[in-house]
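The residues making up each chain are set out below.
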Amino acid sequence: MEEYAREPCPWRIVDDCGGAFTMGVIGGAIFQSIKGFRNAPSGWRQRFTGSVVAIRQRAPIIAGNFAVWGGMFSTIDCTLVHFRGGKEDPYNSIISGAATGGILAARNGLPAMVGSAIIGGVLLALIEGVGICFTRLSAEQFKPPALVEDPSQLGPPPQGYPS
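Let us look at the structure shown here. For clarity, every value in this text was computed on a predicted model and none was experimentally measured.

A short note on the overall build of the protein chain
Phase 1: Along its length, the protein chain carries four helices and zero strands.
Phase 2: Across the protein chain, helices and strands are ordered from the amino to the carboxyl terminus as α-α-α-α.
Phase 3: The burial tally for the protein chain puts 21% of its 163 residues in the buried class.
Phase 4: For the protein chain, contacts bridging at least 24 residues in sequence account for 52% of all contacts bridging at least 6.
Phase 5: Taken as a whole, the protein chain presents about 12,200 Å² of accessible surface, with 66% of it coming from carbon and sulfur.

Here it is as structure tokens:
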């Protein structure tokens, strides 16, 4: 089983920024289509038009916000990898999430920065924790069977096999 290898750091930032933009476009389009449909006047034609208008107005903004978050997160993550001597572990992601949340909330004052940093750090800690749990659970199925040194510990052979 081959593990996913991440891009080197300058390209990782661009890759994560583009991936976040794509997620924002798709998620924003879905959410805004529902919102535009519900807020439009009655009638299928008006609701469909309201849905399309809402997507065209808001989905690019949501995608841009996602891209800014993803780009800043990756930039901080790469900076931490550099300063920690190439060490890539879950602490980088947790610190990057907290720092990104704090920096993006800087315009709203210090209390908002602290709150967003805590939320960002906790969110990334939960994501990393779930990832580690899944990795450990899936690693169990690929463990080689235990080797037995003494054949007498195996017990009697099954019926039909020569002993």
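Examining the packing of aromatic side chains
Phase 1: Counted under the stated rule, the structure contains two aromatic pairs.
Phase 2: Judged by centre distance (5.7 Å) and plane angle (45°), the rings of Phe37 and Trp44 are tilted.
Phase 3: Of the residues examined, Phe37 reaches a relative accessible area of 29% and is grouped as partly exposed.
Phase 4: Seen in terms of ring centroids, Trp69 and Phe73 are 5.3 Å apart; in terms of plane orientation they differ by 10°. Their pairing is stacked. You can see Trp69 and its partner Phe73 sitting in helix H2 (residues 44-83), four residues apart, about one turn around the helix.

Thoughts on the packing of helix H1 (residues 9-39) against H2
Phase 1: At a closest axis distance of 5 Å, the pairing of H1 and H2 adopts a crossing angle of 155°. Of the possible angle classes, the one that applies to H1 and H2 is roughly antiparallel. The crossing of H1 and H2 is right-handed.
Phase 2: Here the contact of H1 with H2 is built from residues that sort into 18 nonpolar, twelve polar and six charged.

Comments concerning the packing of helix H3 (residues 90-104) against helix H4 (residues 110-140)
Phase 1: It is at 6 Å that the axes of H3 and H4 come closest, and there the two elements cross at 155°. The orientation of H3 with respect to H4, classified from their angle, is roughly antiparallel. Crossing geometry of H3 relative to H4 is assigned as right-handed. Residues Pro90, Ser93, Ile94, Gly97, Ala98, Gly101 and Gly102 of H3 lie in contact with H4, whose contacting residues are Met113, Ser116, Ala117, Gly120, Gly121, Leu124, Ala125, Glu128 and Ile132.
Phase 2: Within the contact of H3 with H4, the residues separate by chemical class into eight nonpolar, seven polar and one charged.

Quick word on H2
Phase 1: Here H2 is 40 residues long and its end C-alpha atoms lie 57 Å apart, about the 58 Å a rise of 1.5 Å per residue gives.
Phase 2: In the structure, H2 departs most strongly from a straight axis at Arg58, where the bend amounts to approximately 35° and where the proline Pro60 lies between one and four residues downstream.

Re H1
Phase 1: When the terminal C-alpha atoms of H1 are compared, their 43 Å separation across 31 residues agrees well with the 45 Å that a helix rising 1.5 Å per residue should span.
Phase 2: Among the residues of H1, those classed as buried are Arg12, Ala20, Gly24, Gly28, Gln32, Ser33 and Gly36.
Phase 3: Check the buried side of H1 and you find it contacts H2.

As for the environment of Tyr91
Phase 1: With respect to the element layout, Tyr91 can be found in helix H3.
Phase 2: Judged by its relative accessible area of 56%, Tyr91 falls in the exposed class.

What counts and how
Residues numbered from 1 in each chain as written. Predicted model: local features only at pLDDT ≥ 70, side-chain atom pairs only at ≥ 80, totals over all residues. Heavy atoms only, no water. Helix = DSSP H or I, 4+ residues; strand = E, 2+ residues; numbered from the N terminus. Buried < 20%, exposed > 50% of the residue type's maximum accessible area, 1.4 Å probe, protein only. Contact = heavy atoms within 4.5 Å. Areas by Shrake-Rupley, 256 points an atom, 1.4 Å probe, with all protein chains shown as cover. Phe/Tyr/Trp six-rings, centres within 6.5 Å; stacked < 30°, edge-to-face > 60°. Axes fitted to C-alpha atoms, helices over the stretch in contact; angles between N-to-C directions. Parallel < 35°, antiparallel > 145°, perpendicular 65-115°, else oblique. Left-handed = near helix turned anticlockwise from the far one by under 90°. Nonpolar A, V, L, I, M, F, W, Y, C, P; charged D, E, K, R; others polar. Expected span 1.5 Å × (residues − 1). Bend = angle between axes of the 7 residues up to and from the residue.

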